[in-house]
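The lines below spell out each chain.
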Amino acid sequence: MSWFNHKRNAVLSIDISTAAVKMLELSRIGTRYRVDSYAVAPLPKDAVIDKNIANVDMISEAVKIALKQSGTKLKQATVAVAGSAVMTKIITMDRTLSEDEMEEQIMIEADQYVPYALDEVNFDFEVQGVNENNHEMVDVLLAASRRENVENRVIALANAGLKTNIVDVEAFAMENAFTLLADQFADSIGGQAVGILDIGATMTTLNVLYDGRSIYTRDQGFGGKQLTEEIQRRYGLSYEEAGLSKRHGGLPDSYNADVLEPFKRALVQQIQRSLQFFSSSSANRAIDRIILAGGCASIQGIEQLVEKNLGIPVYVANPFINMTLSSKVRPQALSNDAPALMIACGLALRSFD
């Protein structure tokens, strides 16, 4: 099994979040991508806890539902583990070494880099380029994760009839998907720090990219689940009914004033707090623009509210703007789900590395 961008055949991307399994299939004709199929299958409340799989069977069942909804024929997949579950480190190695020789040397010296026994982890590495200070050396990105983080995902997909070919890291997948957004800005992002806020069900993850490369990632415990639970409490709905009502409408006229507006204000405060953590840890480097991703990015008017409070440009992520769609894909549904499909999109791009 491989991490990162090793050459593979077409793969089906599977993003396992707290609230749903998101599945995406892309193809490419020339330089243009096409969305061949996608599906979003909700997960039971306790299937994923703090980005860790708590119930493999629940994940497998959701993957089966998504496979049926999408109509895909692909059987090879890529999946990601959370950045918080992965240790990454840049090491320098002799540039004359082959890939096999690098792997052998890393295995010998692993205890210097990985704080676990080798039989407890999965790891991979990728050459980043020539070291700036010594051109006889190359910078190598090493990534390692506890074996159960990887195996739970592989087993869940296998039980649904899929073979996992690539295991990625969510932050790297987000960085990969960002390449599709960069062309949508009117001005250049060169030399700028861009914050991607992935606002999920229980977690808000800030990924900061500088010149298109990840330089900072941080999770914060806040997400759309709090809005769902408030709808549930206020209107006497089950958790599942509240989630569907939030997603598809059908709530009372008082919903905006009573529930949504307080949540939006709390969301802005959480975003401000995330940016303050970044600023304090990065020699007061400022964020030049923000991209909102995740399910909560689809809340109407949220980008204007965040921009008004922060005073910097804010955008809602949509990596599919310049893609064509197959006849199986409904444009409006994809547009609504686009912000929540950033990680899935970054994973799907691995087919073309």
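Residues numbered from 1 in each chain as written. Predicted model: local features only at pLDDT ≥ 70, side-chain atom pairs only at ≥ 80, totals over all residues. Heavy atoms only, no water.

A.B. asks: Hey, could you run me through the nonpolar core in this one?
C.D. replies: One recurring pattern in soluble globular proteins is that nonpolar side chains are buried together. Among the nonpolar cores identified, the biggest contains 35 residues, and Leu24, Leu26, Phe178 and Phe320 are the most heavily contacted of them. Counting residues per element, the ones that place at least two in this core are β2 (20-29), β3 (32-42), α5 (170-182), β11 (193-199), β14 (289-293), α10 (331-337) and α11 (342-348). When residues no more than four places from it in sequence are discounted, the contact partners of Phe320 are Leu24, Val35, Leu334, Ala338, Leu341 and Cys345. With 31 residues, the next largest nonpolar core counts Leu12, Ala62, Val86 and Ala160 among its residues. (Core = buried A, V, L, I, M, F, W, Y, C linked by side-chain atoms within 4.5 Å. Buried < 20%, exposed > 50% of the residue type's maximum accessible area, 1.4 Å probe, protein only. Helix = DSSP H or I, 4+ residues; strand = E, 2+ residues; numbered from the N terminus. Contact = heavy atoms within 4.5 Å.)

A.B. asks: I'm lost on the sheet that holds strand β15 (residues 314-316) in this one. Help?
C.D. replies: What the five strands build is an open sheet, ordered β13-β12-β11-β14-β15; its pairing is mixed. Strands at the two margins of the open sheet, each flanked by one partner only, are β13 (213-220) and β15. Strand after strand, the sheet turns through a mean of 20° between neighbouring axes, direction not considered. Along the sheet, helix α8 (residues 255-281) makes contact with β11, β12 (204-210), β13 and β14, crossing β13 at roughly 130°. (Pairing = 2+ DSSP bridges. Axes fitted to C-alpha atoms, helices over the stretch in contact; angles between N-to-C directions.)

A.B. asks: How should I be thinking about the side chain of Lys51 in this particular structure?
C.D. replies: Looking at the element boundaries, Lys51 is found in the loop between β4 (48-49) and β5 (52-53). For Lys51, a relative accessible area of 16% gives the class buried. What Lys51 contacts, discounting residues up to four positions off in sequence, is Ala82, Arg153, Glu170, Met203, Thr205 and Asp219.

A.B. asks: Please explain the pattern of salt bridges as it appears in this structure.
C.D. replies: Proximity of charged atoms lets side chains of opposite charge pair with each other. Scanning all chains against the criterion turns up 12 salt bridges. As a salt-bridge pair, Glu229 and Lys225 come within 3.9 Å of each other at their nearest N and O atoms. Highlighted residues: Glu229 and Lys225, both in helix α6 (residues 225-235), separated by four residues, approximately one helical turn. A relative accessible area of 24% places Lys225 in the partly exposed class. Here the salt bridges do not stand alone but share partners, grouping Lys51, Glu170 and Asp219 into one network. (Salt bridge = Lys/Arg side-chain N within 4 Å of Asp/Glu carboxyl O.)

A.B. asks: Is there a simple way to explain unusual backbone geometry in this structure?
C.D. replies: Note on backbone geometry: most residues besides glycine have negative phi, and most peptide bonds are trans. In this structure, Asp50 takes a positive phi of about 50° despite not being glycine. With respect to the helices, strands and loops of the structure, Asp50 is situated in the loop between β4 and β5. Judged by its relative accessible area of 52%, Asp50 falls in the exposed class. Of note, the phi angle at Lys51 is positive, near 70°, even though the residue is not glycine.

A.B. asks: Whenever I open this one, α6 confuses me. Can you help?
C.D. replies: Structurally, the α-helix is built with 3.6 residues per turn, so residues lying three or four positions apart point the same way. Taken together, the buried positions of α6 are occupied by Leu227, Thr228 and Ile231. The arc enclosing the buried residues of α6, seen along the axis, measures out at 100°, which places them on a common side. Gly236 sits one or two positions beyond α6 and adopts a positive phi of about 65°. (Arc of directions from axis to C-beta.)

A.B. asks: Please explain the side chain of Asp36 as it appears in this structure.
C.D. replies: Mapped onto the elements of the fold, Asp36 is located in strand β3. If near-sequence neighbours (up to four positions away) are discounted, Asp36 is found in contact with Glu25, Leu26, Ser27, Ser326, Lys328 and Val329.

A.B. asks: What's the story with the packing of aromatic side chains in this structure? I'm lost.
C.D. replies: By convention here, two paired aromatic rings are described through the distance between centres and the angle between planes. One pass over the full model with this rule turns up three aromatic pairs. Measuring from ring centre to ring centre gives 5.2 Å for Tyr33 and Phe352, while their planes differ by 55°; the resulting arrangement is tilted. Of the two residues, Tyr33 is situated in strand β3 and Phe352 in the segment after α11; the sequence distance between them amounts to 319 residues. The ring centre of Phe277 lies 3.6 Å from the NZ or CZ of Arg218, which sits over that ring. (Phe/Tyr/Trp six-rings, centres within 6.5 Å; stacked < 30°, edge-to-face > 60°. Lys NZ or Arg CZ within 6 Å of the ring centre and 35° of its normal.)

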